[in-house]
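Listed below are the residues making up each chain.
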Amino acid sequence: MSAGEYDRYERIRGVLAEADEPLTAREILALVEECDECEEIGSPHRVATVLGRRAERGEVEVIAGQPYRYRLKA
């Protein structure tokens, strides 16, 4: 895993940890972009890609629907 991917995940993880409910990739991106000092993630697709990889490891739960929603596994 590259340092950039680790940083992206840590910012996304922080947003999910603060959330009271599962969030879409678009909602996560909007909250991450509120950080003026953070490197830009780019798109909801990038958020979904990062979270999909972590879901394969069992760290994130993907809730199927239209759109997909994400939350940290407890």
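The rules behind each value
Residues numbered from 1 in each chain as written. Predicted model: local features only at pLDDT ≥ 70, side-chain atom pairs only at ≥ 80, totals over all residues. Heavy atoms only, no water. Core = buried A, V, L, I, M, F, W, Y, C linked by side-chain atoms within 4.5 Å. Buried < 20%, exposed > 50% of the residue type's maximum accessible area, 1.4 Å probe, protein only. Contact = heavy atoms within 4.5 Å. Axes fitted to C-alpha atoms, helices over the stretch in contact; angles between N-to-C directions. Helix = DSSP H or I, 4+ residues; strand = E, 2+ residues; numbered from the N terminus. Parallel < 35°, antiparallel > 145°, perpendicular 65-115°, else oblique. Nonpolar A, V, L, I, M, F, W, Y, C, P; charged D, E, K, R; others polar. Pairing = 2+ DSSP bridges. Patch = residues over 30% accessible without salt bridge, like charges linked within 9 Å, V, L, I, M, F, W, Y side chains within 5 Å. Areas by Shrake-Rupley, 256 points an atom, 1.4 Å probe, with all protein chains shown as cover. Salt bridge = Lys/Arg side-chain N within 4 Å of Asp/Glu carboxyl O. Lys, Arg positive; Asp, Glu negative; His and termini not counted. Charge placed at Lys NZ, Arg CZ, Asp CG, Glu CD. Arc of directions from axis to C-beta.

## What about the nonpolar core?
For soluble globular proteins, nonpolar side chains are generally found buried alongside one another.
Working step 1: Core analysis: the largest hydrophobic core is formed by 15 residues, its most contacted members being Ile 12, Leu 16, Ile 28, Val 47, Leu 51 and Tyr 70.
Working step 2: The contact partners of Ile 12, leaving out residues within four places of it in the chain, are Ile 28, Val 32, Ile 41, Val 47, Val 50 and Leu 51.

## Quick word on the packing of helix α2 (residues 25-32) against helix α3 (residues 44-56)
Working step 1: Viewed as axis vectors pointing N to C, α2 and α3 meet at an angle of 105°, and their least axial separation amounts to 8 Å. As the angle between them shows, α2 and α3 are arranged roughly perpendicular. Here α2 contributes Ala 25, Arg 26, Ile 28 and Leu 29 to the contact with α3, which in turn contributes Pro 44, Val 47, Ala 48 and Leu 51.
Working step 2: When its residues are assigned to classes, the contact of α2 with α3 shows seven nonpolar, no polar and one charged.

## Some details on the pairing of strand β1 (residues 60-63)
If a strand is regular, its side chains alternate between the two faces of the sheet.
Working step 1: Direction of pairing for β1 relative to strand β2 (residues 69-72): antiparallel, over a ladder of four bridges. By the bridge assignment for β2, Val 62 is matched with Tyr 70.
Working step 2: Linking β1 to β2, which pair antiparallel, is a turn of five residues.

## Observations concerning a negative patch on the surface
Working step 1: A cluster of acidic side chains, namely Asp 7, Glu 10, Glu 33, Glu 39 and Glu 40, defines a negative patch on the protein surface.
Working step 2: Here Glu 39 is to be found in the loop between α2 and α3.

## So, α2
Working step 1: Burial in α2 covers these residues: Ala 25, Ile 28, Leu 29 and Val 32. Looking straight down α2, one finds that the buried residues subtend no more than 100° of arc, so they occupy a single side.

## Structural notes on the side chain of Arg 8
Working step 1: Among the secondary structure elements, Arg 8 is positioned in helix α1 (residues 3-18).
Working step 2: Judged by its relative accessible area of 12%, Arg 8 is buried.
Working step 3: Beyond its immediate chain neighbours, meaning those up to four positions away, Arg 8 contacts Glu 39, Ile 41, Arg 46 and Val 50.

## Thoughts on the environment of Arg 13
Working step 1: Here Arg 13 shows up in helix α1.
Working step 2: For the pair Arg 13 and Arg 26, spaced 13 residues apart in sequence, the C-alpha to C-alpha distance is 14 Å.

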